[in-house]
Amino acid sequence: MSVDPDEARRLLERELEQRAYDGARPTWWDRASRAVLDWLASLRGGDGFGSPAFAQTLLWVAVVVLVAVVVLVVVSRGLPRRRARTAAAGSGAVFDDDDLRPARDIADAARAALRAGDWSSAVLDGYRAVARGLGERDLVPDVPGTTARTIAARATPSFPDLADRLTDAAAAFDAVRYLGVDADEHTARAVLDTERVLRSTRPVRQDRPAVPA
């Protein structure tokens, strides 16, 4: 039985549509690879790989790769200063690792923040002035990583009449720094007043100095 050309073409197309021939069809990877090869061939077809156009293309590719690497490093590891602050925050410490200011300078910064209406900064620097002042007076060791509540507890034997105020100031510091609470003017003034009174108060004599826990 003879088959006309149109019928033969239809039979061939029907046969090729069967699943057994799927492996012969180009995949997305094949198409992508072909596109890249065609792009390289188009560059080569001009002035060659040493042409200014090709060099400029390679330069842009290198810049994009470099930026991507920098972004990945920053995202995965963070900036050095930020890592130091994050480590300090994670430990509940009063001071950042790079904060070496004397008590007088910290207190000045706290009062400046109060005048500017920045209550939260006034609370933070106000309590830091308390902590640094106690360390400078050799009443509470200025140990890196010491928490606000620990400083208040160690200062209480030397200033028993200020125990509640020290505890409240430490709680205000923790609330602002670690809980994200916005301080109000009353709280900021209370912390700075505690720092002022503490600085001018004579400590109770202790049989032994406070030591780190």
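Along each chain, residues carry numbers from 1 onward, in the same order as the chain's sequence is written. Under the rules for a predicted model, residues below a pLDDT of 70 receive no local features and side-chain atom pairs below 80 are neither given nor counted, while totals for whole chains, interfaces and linings still include all residues. Only heavy atoms go into the side-chain values, all of them from the structure, while hydrogens and water stay out.

1. Let's talk about the packing of helix α8 (residues 163-179) against helix α9 (residues 185-200)
Note on method: axes are straight lines fitted to C-alpha atoms, helices fitted across the in-contact stretch only, with angles between N-to-C directions ranging 0 to 180 degrees. Secondary structure elements are taken from DSSP: a helix is a run of H or I of four residues or more, a strand is a run of E of two residues or more, and numbering for both begins at the N terminus. In contact at an axis separation of 10 Å, α8 and α9 are set at 135° when each is read in the N-to-C sense. Judged by the inter-axis angle, α8 sits oblique to α9. Here α8 runs over α9; the crossing is left-handed. Where α8 approaches α9, its residues Arg-165, Leu-166, Ala-169 and Ala-172 are matched on the opposing element by Thr-187, Val-191, Asp-193, Thr-194, Val-197 and Leu-198. Only Asp, Glu, Lys and Arg are considered charged in this grouping, and only Ala, Val, Leu, Ile, Met, Phe, Trp, Tyr, Cys and Pro are considered nonpolar; every other residue, Gly among them, is considered polar. In terms of residue class, the contact of α8 with α9 is made up of six nonpolar, two polar and two charged. Note on angle classes: values under 35 degrees are labelled roughly parallel, values over 145 roughly antiparallel, values of 65 to 115 roughly perpendicular, and the remainder oblique. It is the rotation of the near helix from the far one that decides the hand of a crossing: anticlockwise by less than a right angle makes it left-handed, clockwise makes it right-handed. Here, two residues are considered to be in contact whenever any of their heavy atoms come within 4.5 Å of each other.

2. Here's the deal with the packing of aromatic side chains
A pair of aromatic rings is counted whenever rings of Phe, Tyr or Trp (Trp by its six-membered ring) have centres within 6.5 Å, and the orientation is called stacked for planes under 30 degrees apart, edge-to-face for over 60 and tilted otherwise. All told, the structure shown has two aromatic pairs when counted by the stated rule. Here Tyr-127 and Phe-173 contribute two aromatic rings whose centre-to-centre distance is 5.6 Å and whose plane-to-plane angle is 40°, an arrangement assigned as tilted. In this pair, Tyr-127 is assigned in helix α6 (residues 119-136) and Phe-173 in helix α8, connecting sequence segments 46 residues apart. Take Tyr-127 and Phe-173: they sit in the same class, and that class is buried. Centroid distance Phe-173 to Tyr-178: 6.4 Å. Interplanar angle 70°. Geometry classified as edge-to-face. Given a relative accessible area of 0%, Phe-173 falls into the buried group. Grouped by ring-pair contacts, the aromatic residues Tyr-127, Phe-173 and Tyr-178 constitute a single cluster. In this scheme, a residue with accessible area under 20% of its type's maximum is buried, one over 50% is exposed, and one in between is partly exposed, where area comes from a 1.4 Å probe on protein chains only.

3. Looking at the confidence of the model for the chain
Looking at the chain, the pLDDT average stands at 75 and 58% of residues meet or exceed 70. Confidence scores per residue from the predictor, reported as pLDDT, run from 0 to 100. Averaged pLDDT values over the elements of the chain bottom out at 45 in helix α4 (residues 80-91) and peak at 94 in α9. In this model, residues 80-90 is a region of pLDDT below 50 whose contacts with residues beyond four sequence positions or in other chains number 14 contacts.

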